[in-house]
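# Chain and residue survey
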Amino acid sequence: MHPGDSQVRQGDPETWRLLIVDDENDVHDATVLALRGLLIEGRPLHCLHAYSAHEAYDILAVERDVAVVLLDVVMESGDAGLCLVKRIREELLDRVIRIILRTGQAGMVPQIETTRVYDINDYKTKSELTRSGLFTCLSVAIRSYRQIRELEDARNDLEEQKQELCRSRGMLRTLAAHQERVREDERTHIARELHDEMGQYLTALRMEASLLAMHVPEPDAEVSQRLRTMRELIDHVIGDTRRMVARLRPGVLDLGLISAATWLAEDFQSRTGTPCLLDAPSEDELEMDGELATTLFRILQESLTNVSRHARATRVDIRIARLDDQLRMEVCDDGQGFDPVQVRSKKTFGLMGIRERVFIYGGSAHIDSHPGSGTRLRIALPLNHRSQRHDPHPDC
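These numbers were taken from a predicted model, which means no experiment stands behind them.

Moving on, we come to the overall build of the protein. Within the protein, the secondary structure is distributed over twelve helices and eleven strands. Counting the 396 residues in the protein, one finds 39% classified as buried. Contacts in the protein between residues far apart in sequence, at least 24 positions, make up 70% of those at least 6 positions apart. When the accessible surface of the protein is split by element, carbon and sulfur atoms take 53% of a total near 22,500 Å².

As structure tokens, this is what we get:
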């Protein structure tokens, strides 16, 4: 080892690190002398020294910022240098470091065959590596090393950014799942309050109005009209309250997804006049928990809302089925359709909300549509969704 050179040390960012591998001391001395004072891309060279392939491997296993290896072919064995090349590429998995083979016996190792078989970057005889020859081949090798390192660094940065983005998306979806559960709890609470409290008060008020009409002695026409109007207004408020309760959380949802979907299809048909047909198995065949049933109900509710607002359909078909451990749902209409690319660019929150609800549970959502050809929404959700929900970034 040359004085002042270290086999294991941190690389100086202001120098290019060169490992000289040769079993002859005079070759090391001559190489260092020839390189003295040379600058490559404005930076000097820092030489490390190894006197066998084994020693070189130990150095490279620790040193990960060596730019170039000047490697003798013949050392402790006739193919020691070539074996080291394979170990660098296959065991250390280092594809960045540049390897220049050099030999003192021209023709001993065929140059073309060696370059074809081994991942080396240059092959020189020692007599070719004069000061100018060394400067030329090292300049080319170091330039290549720098460019590859820059590409590797850029790729690593992109990978880190991708992982960070995946973590962020996972956290956002976890938050969205929590907010959705809170929202459903709040809807259930409000629906219960409207049904139990407001419903009771309105019913009592309707009874009082009826009793008042019975106890007013011979009311004149104006009083009778006002009492009728009062009862009609109360009935109207009672009807609106029931509809609000049903939209917040229909009581039929407690009976299961199929019952809720049947109610939703019938409600859609009665409100829009558009036939809405449901093809679904029995509740017992699905075996899903209430949370997943609520999610699918909300997706179906949003889908039918989109159909009523935009599709101009004359028929809607809903299919629900279980396939192995997945639940499949399709909503098809024969309406005017749309261009998915244009809709995606408009950031429509209805479709975005459907996708996010599905992704939260580790499922998939596909929308097939073309202008004039109707629309088909296909949903697939795992019935064992609880294990999926804890994955912080399931689709990254």
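Right, let's talk about the pattern of salt bridges for a bit. Under the defined criterion, the tally for this structure stands at 22 salt bridges. Here R155 makes a salt bridge to E152, at a shortest N to O gap of 2.9 Å. One end of the pair, R155, and the other, E152, are both in helix 5 (residues 131-215), three residues apart, so they sit about a helical turn from each other. Measuring nitrogen to oxygen at the nearest pair gives 3.9 Å for the salt bridge that ties R322 to D325. A relative accessible area of 34% places R322 in the partly exposed class. A network of salt bridges, in which partner residues are shared, links E41, R143, R146 and E150.

Bringing the sheet that holds strand 4 (residues 68-72) into the picture now. With respect to topology, six strands assemble into an open sheet ordered 2-3-1-4-5-6, the strand pairing being mixed. With one partner strand each, in any of the chains shown, strand 2 (39-40) and strand 6 (122-125) form the two edges of the open sheet. Pairing geometry for strand 2 and strand 3 (residues 43-50), over two bridges, is antiparallel. Bridged to I40 within strand 3 is R43. Strand contacts of helix 3 (residues 80-90): strand 4 and strand 5 (98-103), with the helix running at about 175° to strand 5, the strand carrying the most contacts.

Pairing between strand 8 (residues 316-323) and strand 9 (residues 326-333): eight bridges, direction antiparallel. For I320, the partnering residue across the bridge sits in strand 9 and is M329. Where strand 8 folds back on strand 9, the antiparallel hairpin that results is connected by two residues, among which D324 adopts a positive phi of roughly 55°. Relative to strand 11 (residues 375-382), strand 9 runs antiparallel, the two sharing eight bridges. Note on strand 11: the bridge partner recorded for E330 is R378.

Our next topic: the packing of aromatic side chains. Tallying each qualifying case throughout the model produces one aromatic pair. Ring centres of W16 and Y145 lie 6.4 Å apart, and the angle between their planes is 85°; on these two criteria the pair is classed as edge-to-face. Of this pair, W16 sits in strand 1 (residues 16-21) while Y145 sits in helix 5, and the two are 129 residues apart along the sequence. Assessed through its relative accessible area of 5%, W16 is described here as buried. For Y145, a relative accessible area of 6% puts it in the buried group. One cation-aromatic arrangement involves R87 over Y57; the distance from NZ or CZ to the ring centre is 3.5 Å.

Helices that pack against each other are described as a pair by the angle of their axes relative to one another and the distance between those axes. Remark: helix 2 (residues 53-62) packs on helix 3, axes separated minimally by 9 Å, with the N-to-C direction vectors making an angle of 20°. The orientation of helix 2 relative to helix 3 falls into the category roughly parallel. Once helix 2 is placed against helix 3, the crossing between them reads as right-handed. Between helix 2 and helix 3, the residues in contact are A53, A56, Y57 and L60 and A80, L84, R87 and I88, respectively. Its residues assigned to classes, the contact of helix 2 with helix 3 shows seven nonpolar, no polar and one charged.

Most of strand 5 is tucked away: six of the six residues are buried. Here strand 5 shows a buried face lined by R98, I100 and R102 and a second buried face lined by I99, L101 and T103. Here five bridges tie strand 4 to strand 5, and the two strands are oriented parallel to one another. Bridging across to strand 5, V68 finds its partner in R98. A crossover links strand 4 with its parallel partner strand 5, the connecting element being helix 3, and its sense is right-handed.

Along an α-helix, residues three or four positions apart point the same way, because every turn accommodates 3.6 residues. Regarding helix 2, the residues found buried are A53, A56, Y57, I59 and L60. Looking down the long axis of helix 2, one finds its buried residues gathered within 165° of arc, a one-sided arrangement. If you follow the buried residues of helix 2, they end up packed against strand 1, strand 3, strand 4 and helix 3.

Here we take up the environment of L377. For L377, the position within the fold is in strand 11. Residue class for L377 comes out buried when judged on its relative accessible area of 7%. Once the C-alpha coordinates of L377 and D333 are considered, the two residues, 44 residues apart in sequence, prove to be 9.2 Å apart. Those residues in contact with L377 that lie beyond four places of it in its chain are I299, S303, M329, E330, V331, I354, H366 and I367.

Reading guide: rules and limits
- For every chain, the first residue of the written sequence is number 1, and numbering continues from 1 onward in sequence order.
- The predicted origin of the model limits local features to residues at a pLDDT of at least 70 and limits the giving and counting of side-chain atom pairs to 80 or more, whereas totals for whole chains, interfaces and linings rest on all residues.
- Where side-chain values are given, they derive from all heavy atoms of the structure, hydrogens and water being excluded.
- Only runs of H or I of at least four residues qualify as helices and only runs of E of at least two qualify as strands under DSSP, and these elements are numbered from the N terminus.
- Each residue's exposure class comes from its accessible area (1.4 Å probe, protein chains only) as a fraction of the maximum for that residue type: buried when under 20%, exposed when over 50%, partly exposed otherwise.
- Any two residues having at least one pair of non-hydrogen atoms within 4.5 Å are treated as being in contact.
- Using the Shrake-Rupley algorithm and a 1.4 Å probe, accessible areas are obtained, with residue cover drawn only from the displayed protein chains.
- Just to be clear on terms, a salt bridge is a Lys or Arg side-chain nitrogen sitting within 4 Å of an Asp or Glu carboxyl oxygen.
- For two strands to be treated as a pair, DSSP must find at least two bridges joining them.
- Helix axes are fitted to C-alpha atoms over the stretch in contact, other axes to C-alpha atoms as well, and angles between N-to-C directions run from 0 to 180 degrees.
- A pair of aromatic rings is counted whenever rings of Phe, Tyr or Trp (Trp by its six-membered ring) have centres within 6.5 Å, and the orientation is called stacked for planes under 30 degrees apart, edge-to-face for over 60 and tilted otherwise.
- In this scheme, the term charge over a ring applies when either NZ of a lysine or CZ of an arginine sits within 6 Å of the ring centre and within 35 degrees of the ring normal.
- Roughly parallel means an angle under 35 degrees; roughly antiparallel, over 145; roughly perpendicular, 65 to 115; everything else is oblique.
- Crossings are classed by handedness, with left-handed meaning an anticlockwise turn of the near helix from the far one by less than a right angle and right-handed meaning a clockwise turn.
- Here the nonpolar group is Ala, Val, Leu, Ile, Met, Phe, Trp, Tyr, Cys and Pro; Asp, Glu, Lys and Arg are the charged ones; every other residue, Gly included, is treated as polar.
- A clockwise path from the first strand over the helix to the second, with the strands pointing away from the viewer, defines a right-handed crossover.
- Note that the arc is defined by the directions from the helix axis to the C-beta atoms.

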